[in-house]
Amino acid sequence: VRVVDMSLLIVIRLKGQSGRKPDEEKTLELLRLHKKFHAVLIKDSHSYKGMLQVLNNVVTWGEIDEATLAKLIEKRGYVTGGKRITLDYLKNIGYESFEDLARDLITGKKKIDEIPGLKPVFRLRPPKGGFKGTIKKHFREGGETGYRGEAINDLVLKMI
């Protein structure tokens, strides 16, 4: 019996290039987080958790919900050629709405790389109203980096 993992994580890079350790640089490269405020979607798996522990002081991550993911794809999703994702594009690949696509991604029916032409990296803005804490401290210490669970959805909405 195969258990489908229902959890999808979003990882957002908060810190820039300078001062990165070689293992941090390599891990960021593997996750395709090349620039500050870039975000990627990953499965909640043991191997990814290890990568996130290496990047604990560089990125923030948590479980994204369906509504936030739908909005993220609608506002910040791009297909190859630098074009925005439209409803026509979604209908061509068999989806009626952004919510349907988000539901399939979260439930694990589709992976982000299985969607034809969709770019796997989302380019976000700095958060509206700024960060609540400092990016030098961990989230549980009042800062911004590291694991933040469901609170990631509020940050993503501020950055769309």
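Source: prediction; values computed, not measured.

**Q** Before we go on, may I ask you to explain the pairing of strand S2 (residues 38-43) in this structure?
**A** Every other side chain in a regular strand lies on the same face of the sheet, so the side chains alternate between the two faces. Burial of S2 is extensive: five of the six residues sit out of reach of the surface. Pairing geometry for S2 and strand S6 (residues 121-123), over three bridges, is antiparallel. Residue pairing for S6: histidine 38 is matched across the bridge by arginine 123.

**Q** How should I be thinking about the packing of aromatic side chains in this particular structure?
**A** What describes a pair of aromatic rings is the distance from one ring centre to the other and the angle between the planes of the rings. Scanning the model with the defined rule gives two aromatic pairs in all. For the pair tryptophan 61 and tyrosine 147, a centre-to-centre distance of 6.1 Å together with 55° between the ring planes defines the contact as tilted. With tryptophan 61 in strand S3 (residues 59-63) and tyrosine 147 in strand S7 (residues 146-147), this pair connects stretches of sequence that are 86 residues apart. Overall, tryptophan 61 belongs to the buried group, its relative accessible area being 2%. Tyrosine 147 gets classed as partly exposed once you look at its relative accessible area, which sits at 37%. Taking NZ or CZ as reference, arginine 123 lies 5.0 Å from the ring centre of tyrosine 78, over its face.

**Q** Looking at this model, I keep getting lost on the pairing of S3. Mind explaining?
**A** For S3, a buried count of five out of five residues is recorded, marking the element as mostly surrounded by other parts of the structure. Where strand S1 (residues 8-13) and S3 come together, five bridges link them in antiparallel fashion. When the bridges of S3 are listed, leucine 9 appears paired with glutamate 63. Direction of pairing for S3 relative to S7: parallel, over a ladder of two bridges. From the neighbouring strand, tryptophan 61 faces S7, where its bridge partner is tyrosine 147.

**Q** Would you mind going over the nonpolar core with me for this structure?
**A** Nonpolar side chains tend to gather and get buried jointly when the protein is soluble and globular. With 32 residues, the main nonpolar core has Ile10, Ile12, Leu69 and Leu72 as its most contacted residues. Among the secondary structure elements, those contributing two or more residues to this core are S1, S2, helix H3 (66-76), helix H4 (87-92), helix H5 (98-107) and helix H6 (152-159). Among the elements that make up this core, the one with the highest residue count is H5 (five residues). Apart from residues no more than four positions distant in its own chain, isoleucine 10 is found in contact with Ala39, Val40, Leu41, Thr60, Trp61, Gly62, Ile64, Leu72, Ile152 and Val156. Core analysis: the second largest hydrophobic core is formed by 14 residues, Leu9, Val58, Val59 and Val121 among them.

**Q** Would you mind showing me how to read the environment of leucine 87 here?
**A** Along the chain, leucine 87 turns up in helix H4. Assessed through its relative accessible area of 40%, leucine 87 is described here as partly exposed. Considered as a pair, leucine 87 and threonine 27 are 60 residues apart in the sequence and their alpha carbons are 34 Å apart. Setting aside chain neighbours within four positions, we find leucine 87 in contact with Glu96, Ser97 and Phe98.

**Q** Looking at this model, I keep getting lost on the sheet that holds S2. Mind explaining?
**A** Whenever strands of a sheet pair, they do so through backbone hydrogen bonds, lying parallel or antiparallel. Strand order in the open sheet formed by five strands is S6-S2-S1-S3-S7, with mixed pairing between adjacent strands. The sheet terminates laterally at S6 and S7, the two strands that pair on one side only. In this sheet, S2 lies alongside S1 in antiparallel orientation, the contact comprising five bridges. Residue pairing in the sheet places isoleucine 10 in a bridge with leucine 41 of S2.

**Q** What is the right way to look at the side chain of glutamate 144 in this model?
**A** Within the secondary structure, glutamate 144 is located in the loop between S6 and S7. A polar contact of 2.5 Å, which involves the side chain of glutamate 144, links it to the side chain of arginine 148. Residue contacts for glutamate 144: discarding those within four places in its chain leaves Leu14, Thr60, Phe131, Lys132, Gly133, Thr134, Ile135, Lys137, His138 and Phe139.

Scoring rules and cut-offs
Residues numbered from 1 in each chain as written. Predicted model: local features only at pLDDT ≥ 70, side-chain atom pairs only at ≥ 80, totals over all residues. Heavy atoms only, no water. Buried < 20%, exposed > 50% of the residue type's maximum accessible area, 1.4 Å probe, protein only. Helix = DSSP H or I, 4+ residues; strand = E, 2+ residues; numbered from the N terminus. Pairing = 2+ DSSP bridges. Phe/Tyr/Trp six-rings, centres within 6.5 Å; stacked < 30°, edge-to-face > 60°. Lys NZ or Arg CZ within 6 Å of the ring centre and 35° of its normal. Core = buried A, V, L, I, M, F, W, Y, C linked by side-chain atoms within 4.5 Å. Contact = heavy atoms within 4.5 Å. Polar contact = N/O pair within 3.5 Å; in protein donor to acceptor, adjacent residues only side chain to side chain.

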